[in-house]
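Here is what each chain is made of, one letter per residue.
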Amino acid sequence: METKNIMIVGVGGQGSLLASKLLGRLLLTRGHDIKVSEVHGMSQRGGSVVTYVRFGDKVYSPIIDKGQADYIVSFELLEAARWTEYLKPGGTIVTNTQQINPMPVITGAASYPENLVAKMEAKGLNVDAIDALKLAEEAGSAKAVNIVLMGRLSKCFDMPLEDWMTAIEHSVPEKFLELNKKAFTLGRNA
């Protein structure tokens, strides 16, 4: 199998590490070689967080270069737009439509860009945008945006739903299991 590349991007505290952990568990149980690399930056202060997940028969490096990502999963709309140059032709961006103001917007030095989904689509990019925050809240917690987006991403892969659910069971504490399964299902069916 050719190596597949997934970038998970967002803002610190949104759960990108749990999402990459879930993906890692799923892909290992499916027999893939997998490499994961996390770049935190100023994540504790609301800065960008990027996680690379690469899998296939044999993966030698965890890093994804520009133009190589098969999928970009974005927890925040501006982060999706920020990383588009990493998407390969024919790749897909799965993004939350939520907007989290970066520091320049908060201080009034800049405005949050408008119509980002339309702008990305105008570049010929395949964008799957959903209101993951609304679905996470429907599942029971705004913190479940990451799992909603994993549910949406799951539609891009030919892997049994049971395998995804098992990965969730092994990735989240038992007291949050039903909430996360519901969030995943809402994302998958959105």
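Analysis parameters
- Residues numbered from 1 in each chain as written.
- Predicted model: local features only at pLDDT ≥ 70, side-chain atom pairs only at ≥ 80, totals over all residues.
- Heavy atoms only, no water.
- Salt bridge = Lys/Arg side-chain N within 4 Å of Asp/Glu carboxyl O.
- Helix = DSSP H or I, 4+ residues; strand = E, 2+ residues; numbered from the N terminus.
- Buried < 20%, exposed > 50% of the residue type's maximum accessible area, 1.4 Å probe, protein only.
- Phe/Tyr/Trp six-rings, centres within 6.5 Å; stacked < 30°, edge-to-face > 60°.
- Contact = heavy atoms within 4.5 Å.
- Polar contact = N/O pair within 3.5 Å; in protein donor to acceptor, adjacent residues only side chain to side chain.
- Pairing = 2+ DSSP bridges.
- Axes fitted to C-alpha atoms, helices over the stretch in contact; angles between N-to-C directions.
- Parallel < 35°, antiparallel > 145°, perpendicular 65-115°, else oblique.
- Left-handed = near helix turned anticlockwise from the far one by under 90°.

**What about the pattern of salt bridges?**
No. 1: Inspection of the entire model under this criterion finds 9 salt bridges.
No. 2: Of the charged contacts, one joins Glu-169 and Lys-181 as a salt bridge, the two residues approaching to 2.7 Å between their closest N and O atoms. Of this pair, Glu-169 sits in helix 7 (residues 161-169) while Lys-181 sits in helix 8 (residues 177-189), and the two are 12 residues apart along the sequence.
No. 3: With a relative accessible area of 17%, Lys-181 lands in the buried category.
No. 4: Several salt bridges share partner residues, and in doing so they unite Glu-2, Asp-70 and Lys-88 into one network.

**Regarding the packing of aromatic side chains**
No. 1: Here the structure, examined in full by the defined rule, presents 5 aromatic pairs.
No. 2: Aromatic side chains Phe-55 and Phe-157 sit 6.0 Å apart centroid to centroid with 55° between the ring planes, which places their arrangement in the tilted category. Remark: Phe-157 occurs in the loop between helix 6 (145-154) and helix 7 and Phe-55 occurs in strand 3 (residues 48-56); sequence separation between them is 102 residues.
No. 3: When its relative accessible area of 14% is taken as the criterion, Phe-157 is described as buried.
No. 4: Considering the side-chain rings of Tyr-71 and Phe-157, the 5.1 Å spacing of their centres and the 50° angle between planes classify their relative orientation as tilted.

**Concerning unusual backbone geometry**
No. 1: With a phi close to 55°, Asn-115 is a non-glycine residue in the positive phi region.
No. 2: Structurally, the position occupied by Asn-115 is in the loop between helix 3 (103-106) and helix 4 (116-122).
No. 3: Taking the relative accessible area as the measure of exposure, Asn-115 reaches 56% and is therefore exposed.

**Side note on the environment of Ser-61**
No. 1: Among the secondary structure elements, Ser-61 is positioned in the loop between strand 3 and strand 4 (69-74).
No. 2: On the accessibility criterion, Ser-61 (29% relative accessible area) is partly exposed.
No. 3: Between the C-alpha atoms of Ser-61 and Gly-124, which are 63 residues apart in sequence, the distance is 29 Å.
No. 4: Excluding its chain neighbours within four sequence positions, the residues that come into contact with Ser-61 are Lys-35 and Arg-54.
No. 5: Reaching out from Ser-61, the side chain makes a polar contact with the backbone nitrogen of Ile-63 at a distance of 3.3 Å.

**Quick word on the sheet that holds strand 6 (residues 126-130)**
No. 1: Reading across from one edge, 2-3-1-4-5-6 is the order of the 6 strands in this open sheet, with mixed pairing throughout. Taken across any chain shown, the strands that pair with only one partner, and hence form the sheet edges, are strand 2 (33-39) and strand 6. Neighbour-to-neighbour, the strand axes of the sheet open up by a mean angle of 15°, direction not taken into account.
No. 2: The pairing of strand 1 (residues 4-11) with strand 3 spans 8 bridges and is classified as antiparallel. Bridge assignment links Asn-5 to a residue of strand 3, and that residue is Arg-54.
No. 3: Set on the sheet, helix 6 makes contact with strand 1, strand 4, strand 5 (87-96) and strand 6; between it and strand 5 the angle comes to about 140°.

**Section: the pairing of strand 1**
No. 1: Judged by how many residues are buried, strand 1 sits mostly within the fold: 7 of 8 residues are covered.
No. 2: For strand 1 and strand 4, the ladder comprises 4 bridges, and the chain directions are parallel. For Ile-8, the partnering residue across the bridge sits in strand 4 and is Val-73.

**Observations concerning the packing of helix 6 against helix 8**
No. 1: Interaxial distance between helix 6 and helix 8 falls to 6 Å at its minimum, and their mutual angle equals 45°. Taken as axis vectors, helix 6 and helix 8 run oblique relative to one another. Judged by the twist between their axes, the crossing of helix 6 over helix 8 is right-handed. Contacts between helix 6 and helix 8 involve Ile-147, Val-148, Met-150, Gly-151, Arg-152 and Ser-154 from the first element and Asn-180, Ala-183, Phe-184, Gly-187 and Arg-188 from the second.

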